[in-house]
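Reading the structure
What follows is each chain in one-letter form.
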Amino acid sequence: MSFRVEPPAAKSTVPFRSFCQTFEQQAVRTPDAVAVESVDRSLTYVDLDRSANRLARLLRRRGVGPDVLVAICMERSPELMVALLGVLKAGGAYLPLDLAHPAERIAFLFEDSEARLLLTDSPPAARLPSIRPSKVALDAQMSSLEGESAKSPEWPILPDTLAYAIYTSGSTGAPKGALIPHRALASFAPVAIETYGLTSADRVLQFSSIGFDLSVEEILPTWAAGATVVLRSQEMLGSARHFLEECGRRNVSVVNLPTAYWHQLALGVIQERLELPPALRLVVIGGERVLPELVAGWQNRFGRRVRLLNAYGPTETTVTATAFEVPSTWVGSEDVPIGRPIGGVEAVVLDELGGRVSAGVAGELYIGGPGVARGYLKRPELTAERFVERPPGLEGDSRLFRTGDRVRLRSDGELELLGRLDNQVKIRGYRVEPGEVEALLSGHALVREAVVTAAPAAHGGNHLVAYVIPARGGDETGGNGRPSLSRELRTFLEARLPEYMVPASFVAIESWPLTPAGKVDRLALRRPASERPDTGRPYAPPATAGALLPQDTLELVLLKIWERVLGVPVGGSDNFFELGGHSLLAVKLFSEIEREFGRSLPLATLFQAPTVETLAARLRQADWVPPWSSLVVIRGGRGRPPFFCVPGVGGNILGFYDLARELGPDQPVYGLQARGLDGTCEPLFRVEDMAAHYVEEIRSVLPGGPFLVGGASFGGAVAFEIARVLQERGEPPALVALFDTSAPGGERESVTDRVKKSASRISFHGRNLLLGREWLQYLRKTSRTLARRLRSRVWQAAYRSYRDRSRPLPPALRNVREAGYLAGKRYVPQPYAGAVTLFRAGVRSWGETGTGADLGWRRLARGGVEVREVPGDHVDMLRPPHVEALAVELRAAIDAALASVETGRPEPETASGR
């Protein structure tokens, strides 16, 4: 089956109507409607139309006409909107420039574009470099503009004349300007209106930089629909809360955000449990891969009220070419598609020889239709390479743009983005050619050669990493008062490139790894320190930092083990947890240590010796015996009562490290690890015995309350029993926190309820059977979700860690786990007079027990159940990035609990006490 979606429509005989004509007709229909609004000013359609007409006549007298570029470099304001529309009405083309870019880059773009004029306002004009084009400060020209006629210009605007040019990163070392004709604007505006459902009642946020082509989509279709462009303020970017509050105050109904910013917004919304503004109805995201788990969390809260679209489109095809509307039931089990072509766009997937590929087969995406650009400014060779004629046998009459993106057409008709076919990357939604950064670095006196690649960044997206072979004298550390090479190169690039194009880290190496063909092997470049989690300290490999003495073979062996387990470079002083270590990796780490040194260590040893150096110091002591206690200080502190946490069925407290860190330095956190993990004593087989044992451990450091207890999964049941024991002793805890724990022995459903549920399922599946394809989609999605959930379970992950080595789990851990399973099955909880707080995972696992949102605790907690939903599933809610939101919710619950009890209780012993 060949793939060709939405062939271009046949040529129309209707006379061409430019966007300017569309705007003028809208100004006649709704002259008093607000066209653009800033924080303190607004312009109606008639005011904007007249001001733009006056500017167009002034520009026309200064030589602006067809295919003449006018640069615009202004603050975000109503005058900026006048400038954009005025240039279009003059029949010219605007070149948007970002004031935030370095002056050297702005000057280069002026010179390269050969723009006739520069439109600016007075404050920015004073900051701009001395450049060839004449500057026109609009605020200083207002009096002269008043003398111009406010009538619409009479000169025609032809379809193929230039409307605007936007520069993107270039692979040959210089940015390239994509040339968009008026034909593209005229066809794009109505398609965007239809795709997004824009009406005159909408208020669309103008968020993006004017130098980013997303601004075109925010402004021009809004005006074509008679709606209002709402200019964002700089203060909106302060936080997710500020952004949403400002959108609410200004009744914004549509936002169009780069994926990278939406990731930050979604995290803030989930962590702080923020609500979306009442007027908001549509969120469009795009620019790079979106994190499926964040989409799932967002849709779980807002999917039934606010539309979420994932859009895709190169600058060369006029902003948006395809879009996917995310269903409200999205579960995050797979990548979010880029969707289907929007009206008038043609999407073709071809192989390396230009032949069409079948559905499900990967190929390069080509885009055709009226939105395709004319080419690149003064770059005929590159234009011929990227804007190509149709291969033989592919009907149609327009050129195709080679996107360089590798895609696949799914069986449900949606396009799936698989990556790039070249070195181009997306950084915060912007296209970046590493070659442009490499060319600048190679021109620095301290650099002989440079290679720039992309590495994953936190919370999705990418950042750049620069590898350099220093020229003689270009050492990494600096000397004689000179800055380090990294700092010097960063300063050098910051003066010439936009902030998003400056690499996050610089790595000096002696020579390039090469492929058999003699090219630089980018995949073989050693992983830099920046790819490690940010530990707040630079990567100091032993060979260069002196952290390892040549004769210290023990530390060297330890370091190699850590690097194998963690998969990142490790220095002697690096903290295991800060490098991404967690409980499963700790099991693997200590298993390898036991095999290498014959020493069996409790996993909690990592809290006392979390670095290679400290662990090596302990292993050197032949008579050192690891201290053992069920109570372990995970994080010390003073001023607040400690939070005592019980782990899941495996009894391993390492999983609470990230939560303890996120709770803050003033909140002590103690872990209650299972008895028997040291391998010297028998584990406990009853929840009641575990609770009694843990209560004695708790009272050894906190004789009197307030008590704050919690547990994860099975540990939540133990924490519940601890609360019952404390209450029987007359000291009920202030907080009982259950982390996604289902109540043991949940209520049985009645026969009537089971019959009703079965009938509902039969009806649902019956309807889907009639729909055919939807039924297959349901089965496929369900099977993928089930497979992902099964893979994510802790015991299966632990089993896979050891299956490759044909070894079972360590005996102590296996015995504790089996005892925990047996204890959970035997436990029959009795009612508790107090309240519990349930931190419920937002992503539910298939086949989970527990009835209702409270997971069955309502019948046991007589004081009530407070349910706080947090992102993530049963396992990863305690891991980054989801643990950040859990910590925010837990901290709020602790504060509320402490506020409800009397103060002045005895302070717990310090972390050094045990």
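Provided above is the structure to which this section pertains.
Residues numbered from 1 in each chain as written. Predicted model: local features only at pLDDT ≥ 70, side-chain atom pairs only at ≥ 80, totals over all residues. Heavy atoms only, no water.

**A few points about helix α1 (residues 19-29)**
Spelled out, the test is: Remark: exposure states derive from per-residue accessible area (1.4 Å probe, protein chains only) relative to the maximum for the residue type, with buried under 20%, exposed over 50%, and partly exposed in between. Runs of E in the DSSP output that reach at least two residues are strands. Runs of H or I that reach at least four are helices, and both are numbered from the N terminus. For this analysis, residues touch if any pair of their heavy atoms sits within 4.5 Å.
Of all the residues in α1, the buried ones are Phe-19, Cys-20, Thr-22, Phe-23, Glu-24, Gln-26 and Ala-27. Summarising the contacts, the buried residues of α1 are in contact with α2 (45-61), α3 (78-89), α7 (182-196) and α8 (214-224).

**Quick look at the nonpolar core**
Worth spelling out the cut-off: Buried Ala, Val, Leu, Ile, Met, Phe, Trp, Tyr and Cys residues form a nonpolar core when they are joined through side-chain atoms within 4.5 Å.
Residues Phe-19, Ile-72, Tyr-164, Trp-223 and Leu-441 are the most contacted members of the largest nonpolar core, which totals 107 residues. Residues in contact with Phe-19, not counting those within four places in the same chain, are Leu-85, Leu-88, Ala-186, Ala-189, Leu-220, Trp-223 and Ala-224. By size, the runner-up hydrophobic cluster in this structure holds 55 residues, among which are Phe-576, Leu-606, Leu-663 and Val-669.

**Section: unusual backbone geometry**
Even without being a glycine, Thr-318 presents a positive backbone phi close to 65 degrees. Note on placement: Thr-318 falls in the loop between β14 (307-312) and β15 (322-325). Of note, Lys-378 is a non-glycine position whose phi angle comes to about 55 degrees, a positive value. By relative accessible area, which is 46% here, Lys-378 ends up partly exposed.

**So, the pattern of salt bridges**
Note the threshold: Each salt bridge in this description consists of a side-chain nitrogen of Lys or Arg and a carboxyl oxygen of Asp or Glu lying within 4 Å of one another.
Taken as a whole, this structure holds 40 salt bridges when the rule is applied. In this structure, the salt-bridge partner of Glu-37 is Arg-250, at a minimum N-O distance of 3.9 Å. In this pair, Glu-37 sits in strand β2 (residues 34-37) while Arg-250 sits in the loop between α9 (240-249) and β12 (254-258), placing the two residues 213 residues apart along the sequence. Each of the two residues, Glu-37 as well as Arg-250, counts as buried. Arg-249 is the partner of Glu-246 in a salt bridge, and the nearest nitrogen-oxygen pair spans 2.6 Å. Of this pair, Glu-246 and Arg-249 both sit in helix α9, 3 residues apart, which is roughly one turn of that helix. Note on Glu-246: relative accessible area 13%, which makes it buried. By relative accessible area, which is 57% here, Arg-249 ends up exposed. Through salt bridges with shared partners, a single network forms among Glu-37, Arg-203, Glu-246, Arg-249 and Arg-250.

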